[in-house]
Protein chains: 2
Amino acid sequence: APGRDDVLDAAVDFVRQFTAENPRAGDPAHRIAEVTAEIERYGTYEHTPAELTFGARVAWRNAARCIGRLYWNNLIVRDLRHVEDPDGIAEECFEHLRVATNGGRIRPVISVFAPNRPGRPAATLLGEQLVRYADDPRSAQRVALAQELGWKGGETPFEVLPLLVQPGSGRAPEFYEIPEDAVLEVPLEHPRHPGFAALGLRWYAVPAVSDMSLEIGGVTYPAAPFNGWYMGTEIGSRNLADADRYDRLPAVAELFGLDTANDRTLWRDRALVELNLAVLHSYEQAGVTMADHHTESTRFLAHVEREGRHGRPVPTDWSWIVPPLSGSATAVFHRYYDPPDPDQRPAFVHRAPA
Amino acid sequence: APGRDDVLDAAVDFVRQFTAENPRAGDPAHRIAEVTAEIERYGTYEHTPAELTFGARVAWRNAARCIGRLYWNNLIVRDLRHVEDPDGIAEECFEHLRVATNGGRIRPVISVFAPNRPGRPAATLLGEQLVRYADDPRSAQRVALAQELGWKGGETPFEVLPLLVQPGSGRAPEFYEIPEDAVLEVPLEHPRHPGFAALGLRWYAVPAVSDMSLEIGGVTYPAAPFNGWYMGTEIGSRNLADADRYDRLPAVAELFGLDTANDRTLWRDRALVELNLAVLHSYEQAGVTMADHHTESTRFLAHVEREGRHGRPVPTDWSWIVPPLSGSATAVFHRYYDPPDPDQRPAFVHRAPA
Ligand code: HEM
Ligand code: HEM
């Protein structure tokens, strides 16, 4: 846990940044004095709602691996710092999914639950995202844990896992089935191949990352799930295609009659295009927001340009920003960026996986 | 130009590495004494043929951006250090192309011409590769220079540029038409679309990089063109597809009747697959060595493993190693590597473009 001086330094830096970027917030001196007194007394301090909103948005702006940052200033911030018990957290996570889903017109949302306090760690969410499927090899640990806790499930394909909340007290995690009305899903079909639907592939609408802490000005919010909309390649090139995930390229290739005897036939490359097309097409048909990688690339460069006009660097991890499909056909491929700075704050920071 | 002490330090490091990796070379002490005396007298020294071969091969092994390094120890090293006049260099570059082409069974070759000496810079080659086309936007400078020097050409598509040799003396460059028998080319056709050939696309067989210096143990060889065989994506995803190169995706899309109204149709991604397939197919039909990106990825990981068994790191630039097509479908995508070390030697080092 950070010492009092570290918290104070980080808090002062943050208040300065907040006032610098929000001229109407006035002189930082008063707020710095306030925050200092609070930290001296309690070892931590409470963000104002405006500070919390700003901090969460800037954490997104600072996410070096995120191609979707153009809209960082439109993030909807749900202030749920008063919620700290597992039941309450679970309820509000379901509500997060409903707010974000918005009938298909996905909204970027973050729900910020109670922060860690000195000697009193807050509750956390176990698992990478709010919604995950039980048969995704990435979920093996969460499946095992849920079953240990008494969950009876995990037998059918694309079964939504229960939410797992780890109380801050260190007591055993609780599990909660996610209500059906909180999870919008899209069955995948192909615009030209009627047989595609029979592959039985589907995915959920809202990618809500739940294994990262939000760190703002010396305060850590370990339960702060956030979501944007999907970029198609995340599903079409990675989740359903990676050999250690759903590994469905061979099945797609077979459906399209591709010659898989030899890598030189580019059957993998062709199957990827068909699978990605099915993803984009199906989300569009279902009225669920999704961006293609060409569009997100163009948007990201608009973001870099706009940030430049504000005199701000855009720390960027090239290997995460360049899409996994047709890299060099996207505009983001052909340049270098400001290097990521792991010490930059506010930021989303990976917790150890659980 | 490096000072005497720098040359000496670099030379001693290199001799130590040479003897460490070539146990039969014996104790380095004798050779270090010899080299030291030579440097004290002349400010430079002469590599033995074995040192030159080893140095060139290790420069390849150290090339952090090269996916083709598995065969580093098989590089054919042509010792042409006695050749320093433009006519002789041009003749030997043509011979390099013939040796490397080998009737289509491409061999990795380097031709090492005279090194720089104190106060006496050596001749260099102008242009990125020995073979380049006049209508490639990348060649604009070389075209302009060749025409200034009196070259009458550059009117027809895919016209091979003359070789430009810059004498070490600083006199004007000389230009040399490359003889037809030195340049094997492959007209591109598609295995299933007979109309593809009418696009009139073609490419040459041997990518021979000519704008990098070879640096070994404090000695710089500024004219040291080297080649491997092509990986298909270099031509299919970059040279013929990049918007600032031949930009032929729209033409390919039209040929295949793709809907280019919207990026979401993935027409670029599909056109890339067709173009890359045409490249791989045509080289195979023509009997010209070419690797696909899946195969080169697998080979590269075999290289990393083998180097590991020798206790050697493999400095690697992820953003260059991951192929520009279907990145995540290749094995090299899913891991990190030892970081590139710009100070590592022997190495190929970019000269300023000319
Ligand atoms: C609005 C639409 C958005 C799009 C299209 C988008 C796109 C992406 C993509 C493609 C990645 C890489 C994911 C991967 O390869 O695993 C990513 C990573 C990331 N994004 Fe976004 N994003 C969006 C919204 C957001 C929001 C709202 C936040 C936070 C408030 C955010 C924060 C991050 C972070 C922290 C990462 C890195 C995750 C990690 O290290 O595992 N993104 N984003
Ligand atoms: C044997 C087959 C080879 C293959 C398939 C191969 C493949 C590649 C590829 C795909 C690149 C990236 C090119 C680009 O994106 O512009 C590259 C770069 C490079 N390769 Fe290789 N290579 C081979 C042989 C060699 C040889 C023989 C050498 C030197 C003796 C070499 C040295 C390099 C260097 C120095 C670079 C970086 C060039 C730069 O910085 O512009 N490669 N290679």
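Residues numbered from 1 in each chain as written. Chains lettered and ligands numbered in written order. Predicted model: local features only at pLDDT ≥ 70, side-chain atom pairs only at ≥ 80, totals over all residues. Heavy atoms only, no water.

Turning chain A through 180° and shifting it by 0.0 Å along the axis lays it on chain B, with an RMSD of 0.0 Å. Taken together, these values place the two copies in the relation of a two-fold axis. In terms of C-alpha distance to the rotation axis, chain A has A:Ser326 as its closest residue, with the C-alpha 2.8 Å off the axis. (Least-squares fit on C-alpha atoms with pLDDT ≥ 70 in both.)

Among protein residues, the single donor to the iron atom of ligand 2 is B:Cys66 (SG), with a metal-donor distance of 2.3 Å. Considering the arrangement of structural elements, one finds B:Cys66 in the loop between helix H3 (49–61) and strand S1 (76–79). (Donors = N, O, S within 2.8 Å, 3.2 Å for Na, K, Ca; no water. Helix = DSSP H or I, 4+ residues; strand = E, 2+ residues; numbered from the N terminus.)

Moving on: empty space enclosed by the protein. In this structure the tally under the stated criterion is one cavity of 30 Å³ or more. Considering only enclosed or pocket space, the largest cavity measures out at about 90 Å³ in volume. For the largest cavity, the lining is made up of 13 residues, of which A:Val322, A:Pro323, A:Gly327, B:Val322 and B:Pro323 are closest to its centre. (1 Å grid on protein atoms, 1.4 Å probe; cavity = no way out; pocket = protein on both sides within 12 Å on 5 of 7 lines; lining within 4 Å. Points joined across faces, edges and corners; volume = space filled by probe spheres on them.)

Paired through their backbone hydrogen bonds, the strands of a sheet run either parallel or antiparallel. All names here are of chain B. Taken together, the three strands give an open sheet; going across it, the order is S3-S4-S5, and neighbouring strands pair in antiparallel fashion. A single partner strand is all that each edge strand has here, and the edge strands are strand S3 (124–126) and strand S5 (174–176). In this sheet, adjacent strand axes meet at a mean angle of 35° when their direction is disregarded. Where strand S4 (residues 163–166) and S5 come together, three bridges link them in antiparallel fashion. (Pairing = 2+ DSSP bridges. Axes fitted to C-alpha atoms, helices over the stretch in contact; angles between N-to-C directions.)

Here we come to the site of ligand 2. Residue and element names in this part refer to chain B. Around ligand 2 there are 19 residues in total, and Trp60, Arg65, Cys66, Phe226 and His350 lie nearest to it. Contacts to ligand 2 include Trp60, whose side-chain N or O atom sits 3.3 Å from a nitrogen atom. Measuring from an oxygen atom of ligand 2, one finds a side-chain N or O atom of Arg65 at 2.9 Å. Of all the secondary-structure elements, those providing two or more residues to the shell around ligand 2 are strand S11 (226–227) and strand S14 (347–350). Here the shell around ligand 2 is composed, by residue class, of 12 nonpolar, four polar and three charged. (Near = heavy atom within 4 Å. Polar contact = N/O pair within 3.5 Å; in protein donor to acceptor, adjacent residues only side chain to side chain. Nonpolar A, V, L, I, M, F, W, Y, C, P; charged D, E, K, R; others polar.)

Glancing now at the pattern of salt bridges. Residue and element names in this part refer to chain A. For the structure shown, the criterion picks out 46 salt bridges over all chains. Two residues, Arg65 and Asp317, come together in a salt bridge whose shortest N-O distance is 3.8 Å. Residue Arg65 is found in the loop between helix H3 (49–61) and strand S1 (76–80), and its partner Asp317 is found in the loop between helix H9 (293–309) and helix H10 (318–321); the two are separated by 252 residues along the sequence. For Arg65, a relative accessible area of 36% puts it in the partly exposed group. The salt bridge partner of Arg132 is Glu128, with a shortest N-O separation of 2.7 Å. The class for Arg132 is buried, based on a relative accessible area of 4%. The class of Glu128 is partly exposed, set by a relative accessible area of 23%. (Salt bridge = Lys/Arg side-chain N within 4 Å of Asp/Glu carboxyl O. Buried < 20%, exposed > 50% of the residue type's maximum accessible area, 1.4 Å probe, protein only.)

Moving on: the sheet that holds strand S10 (residues 219–221) of chain B. Residues and elements named next belong to chain B. An order of S10-S9-S14 is seen for the three strands of this open sheet, with the pairing classed as antiparallel. Edge positions in the open sheet fall to S10 and S14, since each of these has one partner strand only. When strand polarity is set aside, the average angle formed by the axes of neighbouring strands in this sheet is 30°. Relative to S10, strand S9 (residues 212–216) runs antiparallel, the two sharing three bridges. Counted as the bridge partner of Glu215 is Thr220 from S10.

Let us now look at the packing of helix H1 (residues 4–21) of chain A against H3(A). All names here are of chain A. One can describe the packing of H1 onto H3 by two numbers: an axis separation of 11 Å at closest approach and a directional angle of 90°. Between H1 and H3, the interaxial angle falls into the category roughly perpendicular. Facing H1, whose interface residues are Phe14, Val15, Gln17, Phe18 and Glu21, H3 presents Ala50, Glu51, Phe54, Gly55, Val58 and Arg61. Its residues assigned to classes, the contact of H1 with H3 shows six nonpolar, two polar and three charged. (Parallel < 35°, antiparallel > 145°, perpendicular 65-115°, else oblique. Contact = heavy atoms within 4.5 Å.)

This brings us to the pairing of S1(B). Residue and element names in this part refer to chain B. In terms of strand pairing, S1 meets strand S2 (residues 109–112) through four bridges, oriented parallel. Opposite Arg78, over in S2, you have Ser111 as the bridge partner. For the crossover from S1 across helix H4 (residues 86–101) to S2, the handedness is right-handed. (Right-handed = clockwise from strand over helix to strand, strands pointing away.)

This brings us to the packing of aromatic side chains. Two measures describe an aromatic ring pair: the distance that separates the ring centres and the angle between the ring planes. Residues and elements named next belong to chain B. Throughout the structure, instances matching the rule amount to 30 aromatic pairs over all chains. Ring centres of Phe14 and Phe18 lie 6.4 Å apart, and the angle between their planes is 35°; this geometry places the pair in the tilted category. Of the two residues, Phe14 and Phe18 both sit in helix H1 (residues 4–21), four residues apart, roughly one turn of that helix. Both residues of the pair, Phe14 and Phe18, belong to the buried class. A centroid spacing of 5.7 Å and a plane angle of 85° characterise the contact between Trp203 and Tyr246, whose relative ring orientation is edge-to-face. Here Trp203 is found in strand S7 (residues 202–204), whereas its partner Tyr246 is found in the loop between helix H6 (232–239) and helix H7 (249–255), with 43 residues between them in sequence. (Phe/Tyr/Trp six-rings, centres within 6.5 Å; stacked < 30°, edge-to-face > 60°.)

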